[in-house]
Amino acid sequence: MSTPLVEMRGISIAFGGIKAVDDVSVDLMPGEVVALLGHNGAGKSTLIKILSGAYRADAGEIRVEGQVADIGTPRDAKRYGIETIYQTLALADNVDAAANIFLGREIVTRWGTLDDAAMESATRQVMARLNPHFRRFKEPVRALSGGQRQSVAIARAIHFNARILIMDEPTAALGPAETAQVGELVKQLKAQGIGIFLISHDIHDVFDLADRVSVMKNGRLVGTARTSDVTKDEVLGMIILGKCPEAAVRGPGAMADS
Amino acid sequence: MRHLEVDPRLVGMLGALAVIWVGFDLLSGGAFLTPRNLWNLSVQTASIAVMACGMVLVIVTRNIDLSVGAMLGFIGMVVGVVQARWLPEVIGLEHPATAFIAVAVGVALGGVIGLMQGSLIAYLGIPSFIVTLGGLLVWRGAAWWVTQGQTVAPMDGRFRMLGGGIEGAIGATASWVLAALACAAIVAGMVMLRRRRLAFGFPVRPGWAEGVLMGLACLVVIGAVAVANSYPIPVGVARRMAEAQGIAWPPGGLFIAHGLAIPVIVALMVGVAMTVLATRTRFGRYVFAIGGNPEAAELSGVNTRRSLMMVFGLMGALVGLSACIATARLNAATNAAGTLDELYVIAAAVIGGTSLAGGMGTVAGAMLGALVMQSLQSGMVLLGVDTPLQNIVVGLVLVFAVWLDGAWRKRIR
């Protein structure tokens, strides 16, 4: 078996005495889609914010391609090729698509000023791949539709050669057609060997896209299973009851067999 | 109009300014639109305009700075004491370096005070409203302490040039040279931008539209200089200058023009520099991103706290510069200088289209806003309107302008 792209081992974090994430271990192989499931408040987003550098874990370690990675800020995470698309999309509404895509990583001319033309050109290229109908390059992101905003957020993540992509509730704000579009994109990125964490509280959104599912409940890992080995109902049982089916690898948060 | 791709709000503001100017001119029987009045108006606007440039960035980050007026008072006192009491003892009276040292002290002191307030806001998370409200009281008190309330005067001769007046104007020839340089820069800048967009195959304005814009911009520059150059210095002063240079006083008198005032040139240079900073640098981009969505900026790896602190530091440095202009203009440092300036500066930025919700605003708009405010005030003085009524009008105009701007923005959305 090859080295996982990302390995998170025994991750814990507490906020004011409450353990939001408690001894959770997950991993991700190249070209694999792992869905991270659980109710709202199960700790999925917190776990993933540790990987993307927004929080620092109290305990546990992160390995990227087998090497221990020290991730303390979003900048660190990006250096390891970890890009995140947040549930809230985290776009600055008042500036245009190019400014958002390059935020924090602007292209500058040799005098140190912003090279807007080069950034717009790169934006046109990456958007042509994601959303060929996109034309509103000069307008503030506020004026765009939900799907267009989503493609800007995705463009920001993939333009910088991400190897690991984290998508937090990627289809929460989208209509059916746009959801299908995101699904297509996930398959396309997967074919390029990018590892993807999909986070969702709705199993139907992600079950068909994912190779494996990891389920969290009350901050602990219930278990991890291949989607080919388990049914949707069994995964629902993991999410709601914490009941780990035979075919899954048990985690510390699984309900004791009675 | 559509082909010109100009900001309709900027056009609206220029229209409002034109209405105000023509209106006052009609009401005052032609006393408003005279070279003399317009020249004075430009000098009066300079100090507020410089500070408004910094206030735009502060407000864009969803913050406010209420301390600028008090800071101006304090820094003005320090600058006055430095050049009128300390430096004469160290390097002698009217030493050529005095003015430079005084300005450097003012700008540096302002920067330090701004960074101090900014670090409280950015790193300790105290709301900017509170920090700068405290600053308003602290620095106004400090302004008194510098000399126990005594006024310091007179200022250094070269330093006084910063305040305008006859010595503070650069004369006709230099003004035309500046105008030519400015026009050349405008044309070169627009041509370069167009070439760059064409090189990437992006859509550009039609050629004629580009030409019209260039022509209009150059016309404004040339017009401003023509006005400044048709305001003669007083006969008595001109006669003395002629005698000093050994020129015979002709029977019809001599026409010696003021030309552009130094404080106005300083303010315009600050405006250009701040526009470049706001729109062409990473720092400016981050300032706007923070204003649009602080969380997104933080998650994108922008050091939001440092940027915020720097914005206040910059605001402070500009207040330092304004303090020099105001002190030089008054030819004295008083601890009441800058009283209520914070409100004029904020009003200028807001009238200029800066949104208090953050994320929106332009430096050029704020400078125009400052000019609108000053035009109103100066026009009412010309008409002999009582001071209390002046304040009432300015207050009403501020509220009306913000309502109009908000209504316009809702309509286009």
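These numbers were taken from a predicted model, which means no experiment stands behind them.

Definitions and limits used
- Numbers given to residues run from 1 along each chain, matching the order in which its sequence is written.
- Just so you know, chain letters begin at A and ligand numbers begin at 1, following the order they were written in.
- Totals for whole chains, interfaces and linings use every residue, but because this is a predicted model, local features are given only for residues with pLDDT of at least 70 and side-chain atom pairs only at 80 or more, for both listing and counting.
- By convention in this description, side-chain values take in all heavy atoms of the structure and omit both hydrogens and water.
- Under the DSSP-based scheme used, a helix requires at least four consecutive residues in state H or I and a strand at least two consecutive residues in state E, with every element numbered from the N terminus.
- Our radius of gyration is a C-alpha quantity, and the globule rule it is checked against amounts to 2.2 Å times the number of residues to the power 0.38.
- Here a residue-residue contact requires only that any non-hydrogen atoms of the pair lie within 4.5 Å.
- As used throughout, the charge tally considers Lys and Arg to be positive and Asp and Glu to be negative, leaving His and the chain termini uncounted.
- To locate a charge, take atom NZ for lysine, CZ for arginine, CG for aspartate or CD for glutamate.
- Like-charged residues are merged into a patch within 9 Å and nonpolar side chains (Val, Leu, Ile, Met, Phe, Trp, Tyr) within 5 Å, provided each residue has over 30% relative accessible area and no salt bridge.
- Note on areas: Shrake-Rupley with a 1.4 Å probe; residue coverage comes only from the protein chains shown.
- Whenever a carboxyl oxygen of Asp or Glu lies within 4 Å of a side-chain nitrogen of Lys or Arg, that contact is scored as a salt bridge.
- Summed over both partners, the accessible area (1.4 Å probe) lost when two parts come together is defined as the buried area.
- Polar contacts, as counted here, are pairs of nitrogen or oxygen atoms within 3.5 Å of one another; within protein the pair requires one atom able to donate a hydrogen and one able to accept it, and residues that are adjacent in sequence qualify only if both atoms are side-chain atoms.
- Given a helix with a known number of residues, its expected span is that number minus one, times 1.5 Å.
- Buried residues are those whose accessible area, probed at 1.4 Å on protein chains only, stays under 20% of the maximum for their type, while exposed residues exceed 50% and partly exposed ones sit between those limits.
- Taking the helix axis as origin, the arc is that swept by the directions to the C-beta atoms.

### Concerning the overall build of chain B
Summing up its helical and strand segments, chain B has 16 helices and 0 strands in all. For chain B, the C-alpha radius of gyration of 22 Å lies close to 22 Å, the compact-globule estimate for 413 residues. Taking the principal axes of its C-alpha atoms as reference, chain B extends roughly 70 × 55 × 45 Å. Excluding contacts between residues fewer than 6 apart, the proportion of contacts in chain B whose partners are at least 24 apart in sequence is 82%. Distance between charge centres in chain B, computed from 25 positive and 16 negative side chains, equals 10 Å.

### Here's the deal with a nonpolar patch on the surface
Residue and element names in this part refer to chain B. Judged by side-chain polarity, Leu-120, Tyr-123, Leu-124, Ile-126, Phe-129, Ile-130 and Leu-133 come together as a nonpolar surface patch covering roughly 630 Å² of accessible area. Per-element accounting of the nonpolar patch gives the leading share, 3 residues, to helix H5 (residues 128-147). Along the chain, Ile-130 falls in helix H5.

### Thoughts on the interface of chain A and chain B
If you look at the interface, chain A gives 31 residues, while chain B gives 27 residues. Note on chain A versus chain B: buried area summed over both sides is about 2400 Å², and carbon and sulfur give 56% of it. Counting the contacts that link chain A with chain B gives 5 salt bridges. Residue Asp-115 of chain A pairs with Arg-196 of chain B through a salt bridge whose shortest N-O separation is 2.8 Å. At the junction of chain A with chain B, the criterion picks out 12 residue pairs in polar contact (both at pLDDT 80 or more). Contributions of two or more residues to the side of chain A that touches chain B are made by helix H2 (74-79) and helix H4 (116-130) of chain A. Looking at the side of chain A that touches chain B element by element, the count peaks at 7 residues for H4 of chain A.

### Some words on helix H6 (residues 176-191) of chain A
Residue and element names in this part refer to chain A. Compared with an ideal rise of 1.5 Å per residue, which puts 16 residues at 22 Å, H6 spans 23 Å between its outermost C-alpha atoms and is within 8% of the ideal. Every buried residue belonging to H6 is among Val-182, Gly-183, Leu-185, Val-186 and Leu-189, and all of these are buried. Angularly, the buried residues of H6 cover 160 degrees about the axis, an arc narrow enough to put them on a single face. Relative to its buried face, H6 has exposed residues pointing more than 90 degrees away, namely Pro-176, Ala-177, Glu-184 and Ala-191. Looking at the buried side of H6, the elements it contacts are strand S3 (33-37), H4, helix H5 (146-158), strand S7 (164-168) and strand S8 (195-200). Positive backbone phi, at 90 degrees, marks Gly-193, one or two positions downstream of H6.

Any functional reading would require information that these geometric values do not contain.
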